[in-house]
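# Observations on chain architecture
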Amino acid sequence: MEYSSPIDPELIISHKFPEATYTYTERDAALYALGVGSCARDALDDNELKYVYHQDGQQSIQVLPTFAALFSLGFSSSIAELPGLQYDPRLLLHGQQYMEIYRSLPSNGCIQNQASIVGLHDKGKATVIEIEVVSYGKDSGEPLCMNRMSIYLRGAGGFSKPSQPYSYSKYPNNQISAPKIPKSQPFAALLYRLSGDYNPLHSDPKIAEVAGFSRPILHGLCTLGFAVRAIIICMCRGDPDMIKSISGRFLLHVYPGETLITEMWLDGLRVLYQVKVRERNRIVLSGFVDIKRLSSSL
C-alpha cells in the first residue's frame, strides 16, 4: 500500500517567513530581569541591581544575554502558517533553545528579525520543527544575535514512512547539545509572561490540564534565564558580556514555586550545566554556555 501524507516537507522547509520587528525599552529589559529572578535574593547586590537600575539613568542598565530569546517569540506561533501542518496549539511544547550573542544588547532598541526553517523531524507521534531567527539592529544593520528554537508538536507526527522517518537539519551538529537559586515564586510564570510569552499553558489551569499538567507550568525560557544568571555569577564574575553562546534542552516541566538548583562544570571555555528541581529531585534542563574567556578567579 502506497504511503500518502497531507504534509509536503519540501514546502515546509522552503517556507519564507516575513521579516518582523521587535521594539523594546529599558523597562522591558528590567522587567525581564526581575522575571528570571534578578535581585530576588538581595536587592542591593551590584551584580544583580545593574540589570534593573543605574545611577546614571535607566538607559545605562545592562541587559541579560538571555533577553535575546524574546526576539524570536512571535515565530513559534507563526508555524500555524506552514502549509499542510495541522496541530493542537494546546499540545505545543518548547523543546530546545540555542543562542549566539554577537554583541552586547543595548538597553533599548528596534530589532529586525529574519527567520527560516532549519529543521523538520517526524517523530511518529509528534513533529519537531526548528526555527532559526537572526536579529539585526534596525538602524545599524549589524547582527546582534541568533536564536534557534525547537518546537515539539505532540500529536502531529506520522507524515513520513515509519521505516524511513523524515529528518532534515540545516546547521552544524556540534551545536546540539552549583549554587542554589532562590525558589521561583508561585507567581513566577505570571510575571515572566509580561515579557511577551502569553501562551495560556503558563497561566490557565484548564489549558494546563488539557496539556497533561496538574497546574500551569513555568516557561522553559524563564528556567533558562535562571540558569544563565547563575553561570554569569559563578563563572563570569557577574559580567554578562563574557557570554558567547547558550544552549538549553528542556527535559521536564517546572511548576512555579519550585526550587531550582543549577550545577555546572567547566570544560575549557565551555560551561556544561544542568538544572534540578529540588522538590522532585529531577533534572529539568541541561546544556552548555560558551564563554569568551576565563575569569581570573577560576
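Residues numbered from 1 in each chain as written. Predicted model: local features only at pLDDT ≥ 70, side-chain atom pairs only at ≥ 80, totals over all residues. Heavy atoms only, no water.

Any two side chains of opposite charge can pair, so long as their charged atoms come close to each other. On inspection of all chains with the given rule, the structure shows eight salt bridges. Between Arg103 and Glu142 there is a salt bridge, with the nearest N and O atoms lying 3.6 Å from each other. With Arg103 in the loop between strand 2 (92–101) and strand 3 (109–122) and Glu142 in the loop between strand 4 (126–137) and strand 5 (143–154), the pair connects residues that are 39 residues apart, well separated along the chain. The exposure class of Arg103 is partly exposed, given its relative accessible area of 32%. Taking the shortest distance from any N to any O, the salt bridge between Lys276 and Glu263 comes out at 3.6 Å. Highlighted residues: Lys276 in strand 9 (residues 270–277) and Glu263 in strand 8 (residues 260–267), separated in sequence by 13 residues. Residue Lys276 is classed as partly exposed on the basis of its relative accessible area of 23%. (Salt bridge = Lys/Arg side-chain N within 4 Å of Asp/Glu carboxyl O. Helix = DSSP H or I, 4+ residues; strand = E, 2+ residues; numbered from the N terminus. Buried < 20%, exposed > 50% of the residue type's maximum accessible area, 1.4 Å probe, protein only.)

Most of helix 2 (residues 26–35) sits inside the fold, with seven of its 10 residues counted as buried. For helix 2, the full list of buried residues reads Glu26, Ala29, Ala30, Leu31, Tyr32, Ala33 and Gly35. Phi turns positive one or two residues past the end of helix 2, at Gly37, with a value near 100 degrees.

The next point concerns the confidence of the model for the chain. Looking at the chain, pLDDT values average 86 and 89% of them are 70 or higher. Within the model, the stretch residues 174–183 combines pLDDT values under 50 with 40 contacts to residues more than four positions away or in other chains. (pLDDT = per-residue confidence, 0-100. Contact = heavy atoms within 4.5 Å.)

This part is about unusual backbone geometry. The backbone of Arg237 shows a phi angle near 50 degrees, a positive value even though the residue is not glycine. Secondary-structure assignment places Arg237 in the loop between helix 7 (220–235) and strand 7 (243–250). Exposure remark for Arg237: the relative accessible area of 53% places this residue in the exposed category.

Of all hydrophobic cores here, the largest spans 52 residues; its most connected members are Phe67, Phe71, Leu105, Leu224, Tyr273, Leu285 and Val289. Apart from the residues lying within four places of it in its own chain, the contact partners of Val289 are Val228, Ile231, Ile243, Ser245, Ile246, Leu269, Arg270, Val271 and Tyr273. Membership of the second largest hydrophobic core comes to 22 residues, among which are Ile12, Phe75, Leu82 and Met149. (Core = buried A, V, L, I, M, F, W, Y, C linked by side-chain atoms within 4.5 Å.)

Next up on the list: the side chain of Thr66. Among the secondary structure elements, Thr66 is positioned in the loop between helix 3 (46–49) and helix 4 (73–77). In this structure Thr66 comes out as buried when scored by relative accessible area, which is 3%. If we ignore the near neighbours within four places in the chain, the residues touching Thr66 are Tyr32, Met99, Leu224, Gly225, Val228 and Ile246.

Let us now look at a nonpolar patch on the surface. A cluster of nonpolar side chains, Leu266, Leu269 and Leu294, forms an exposed patch at the surface whose accessible area comes to about 250 Å². One can find Leu294 in the segment after strand 10 (282–291). The exposure class assigned to Leu294 is partly exposed, which follows from its relative accessible area of 45%. (Patch = residues over 30% accessible without salt bridge, like charges linked within 9 Å, V, L, I, M, F, W, Y side chains within 5 Å. Areas by Shrake-Rupley, 256 points an atom, 1.4 Å probe, with all protein chains shown as cover.)

Another aspect to go through is the state of the cysteines. Counting across every chain of the model gives zero disulfides. In this model Cys234 remains outside any disulfide bridge; the closest cysteine sulfur is found in Cys236, 9.4 Å from its own. For Cys234, a relative accessible area of 32% gives the class partly exposed. On the basis of relative accessible area, Cys236 is assigned to the buried category, the value being 1%. (Disulfide = S-S within 2.5 Å.)

Inspection of every chain in the model, using the stated rule, returns nine aromatic pairs. Here Tyr22 and Tyr24 contribute two aromatic rings whose centre-to-centre distance is 6.2 Å and whose plane-to-plane angle is 40 degrees, an arrangement assigned as tilted. Three or more aromatic residues joined by ring pairs make a cluster, and in this case those are Tyr22, Tyr24, Tyr32, Phe67 and Phe71. Over the aromatic face of Phe226 sits the side chain of Arg229, whose NZ or CZ is 5.7 Å from the ring centroid. The ring of Phe288 has Arg270 sitting right over it, with the charged end atom 3.7 Å from the ring centre. (Phe/Tyr/Trp six-rings, centres within 6.5 Å; stacked < 30°, edge-to-face > 60°. Lys NZ or Arg CZ within 6 Å of the ring centre and 35° of its normal.)

All right, on to the pairing of strand 3 then. Burial runs high along strand 3: 11 of the 14 residues are buried. Alignment of strand 1 (residues 20–24) against strand 3, held across five bridges, turns out to be antiparallel. By the bridge assignment, Ala20 is partnered in strand 3 with Asn113. Summarising the sheet, strand 3 and strand 4 pair through 11 bridges and their orientation is antiparallel. Residue pairing for strand 4: Gln112 is matched across the bridge by Tyr136. Remark: three residues form the turn of the hairpin made by strand 3 and strand 4, two consecutive strands paired antiparallel; Gly124 in that turn has positive phi of roughly 85 degrees. (Pairing = 2+ DSSP bridges.)

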